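Chains, contacts and geometry: an overview
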Amino acid sequence: KAGVTQTPRYLIKTRGQQVTLSCSPISGHRSVSWYQQTPGQGLQFLFEYFSETQRNKGNFPGRFSGRQFSNSRSEMNVSTLELGDSALYLCASSSLIANVLTFGAGSRLTVL
Amino acid sequence: DQQVKQNSPSLSVQEGRISILNCDYTNSMFDYFLWYKKYPAEGPTFLISISSIKDKNEDGRFTVFLNKSAKHLSLHIVPSQPGDSAVYFCAASVVQGAQKLVFGQGTRLTINP
């Protein structure tokens, strides 16, 4: 069974640009969550999508947005990038009966 | 406001000994607790969990203890092995199966041969 796949794995952007990250969940998983990992802050919840609907949202500014497609694949977008957006962005998926999240390897974003 | 705290950024333990990783939380609504392990260039992987109705859960070399009155949980690894060297995150949620987890900052565990 393929795991959670995130693309791209690494990317470099400059301040003011926007970025789109993609996540393909495990086959059959309909819930996709996004987390931001920065040094010293651990993982912080961004949002969760289920059946193309945002079900939960963390405390991030509106520059951070996401969506989910009918095949459960998800994308997150960050507009007007700031230096502080440099982080590892992790996607996780889960099934309806699972109690745990399965994470992808992440997309490491560097903002210069 | 850090609701889940791991106060030790790093821990070094000799191979074969016990590793004890600690985690404190402030939100009394948390009902379910998990530990994840993360290797470099990989995503976190689930290790073990515990519901608030229990005070101990064991899985092989890994045991998680929960002290609700102290709002404290710990992960014991016995015996520690070199492959256990990783960053360990504790996480909490208000309900079992929730997608929104609140994570601690992580503790880097190094097992020395």
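Residues numbered from 1 in each chain as written. Chains lettered and ligands numbered in written order. Predicted model: local features only at pLDDT ≥ 70, side-chain atom pairs only at ≥ 80, totals over all residues. Heavy atoms only, no water.

The next thing to look at is the overall build of chain B. When you go through chain B residue by residue, the secondary structure sums to zero helices and 11 strands. Going from N to C terminus, chain B has its helices and strands arranged as β-β-β-β-β-β-β-β-β-β-β. In terms of overall size, chain B behaves like a compact globule, its C-alpha atoms giving a radius of gyration of 13 Å where 113 residues would be expected to give roughly 13 Å. Burial status across chain B gives 45% buried among its 113 residues. Counting contacts in chain B only where the partners sit at least 6 residues apart, residues at least 24 apart contribute 55% of the total. Of the accessible surface of chain B, which amounts to about 5,400 Å², a share of 48% is contributed by carbon and sulfur atoms. In chain B, which carries 11 positive and 9 negative side-chain charges, the distance between the mean positions of the two groups comes to 3 Å. (Helix = DSSP H or I, 4+ residues; strand = E, 2+ residues; numbered from the N terminus. Rg over C-alpha atoms; globule rule 2.2 N^0.38 Å. Buried < 20%, exposed > 50% of the residue type's maximum accessible area, 1.4 Å probe, protein only. Contact = heavy atoms within 4.5 Å. Areas by Shrake-Rupley, 256 points an atom, 1.4 Å probe, with all protein chains shown as cover. Lys, Arg positive; Asp, Glu negative; His and termini not counted. Charge placed at Lys NZ, Arg CZ, Asp CG, Glu CD.)

The next subject is a nonpolar patch on the surface. Together, I18(B), I20(B) and V78(B) give the surface a local cluster of nonpolar side chains, amounting to about 230 Å² of exposed area. Position of I20(B) relative to the elements: it lies in strand β3 (residues 19–25). (Patch = residues over 30% accessible without salt bridge, like charges linked within 9 Å, V, L, I, M, F, W, Y side chains within 5 Å. Salt bridge = Lys/Arg side-chain N within 4 Å of Asp/Glu carboxyl O.)

Below, the discussion takes up the nonpolar core. Of all hydrophobic cores here, the largest spans 23 residues; its most connected members are F33(B), W35(B), L73(B), L75(B) and Y88(B). Those elements giving two or more residues to this core turn out to be β3, β4 (32–38), β5 (45–51), β7 (62–67), β8 (72–77), β9 (86–93) and β11 (107–112) of chain B. Excluding residues within four positions of it along the chain, F33(B) makes contact with Y25(B), I48(B), S49(B), I50(B), S52(B), L66(B), L73(B), A91(B) and A92(B). Counting residues in hydrophobic clusters, the runner-up holds 21 residues, among them V4(A), C23(A), F64(A) and C91(A). (Core = buried A, V, L, I, M, F, W, Y, C linked by side-chain atoms within 4.5 Å.)

Read these as geometric descriptors, not functional statements.
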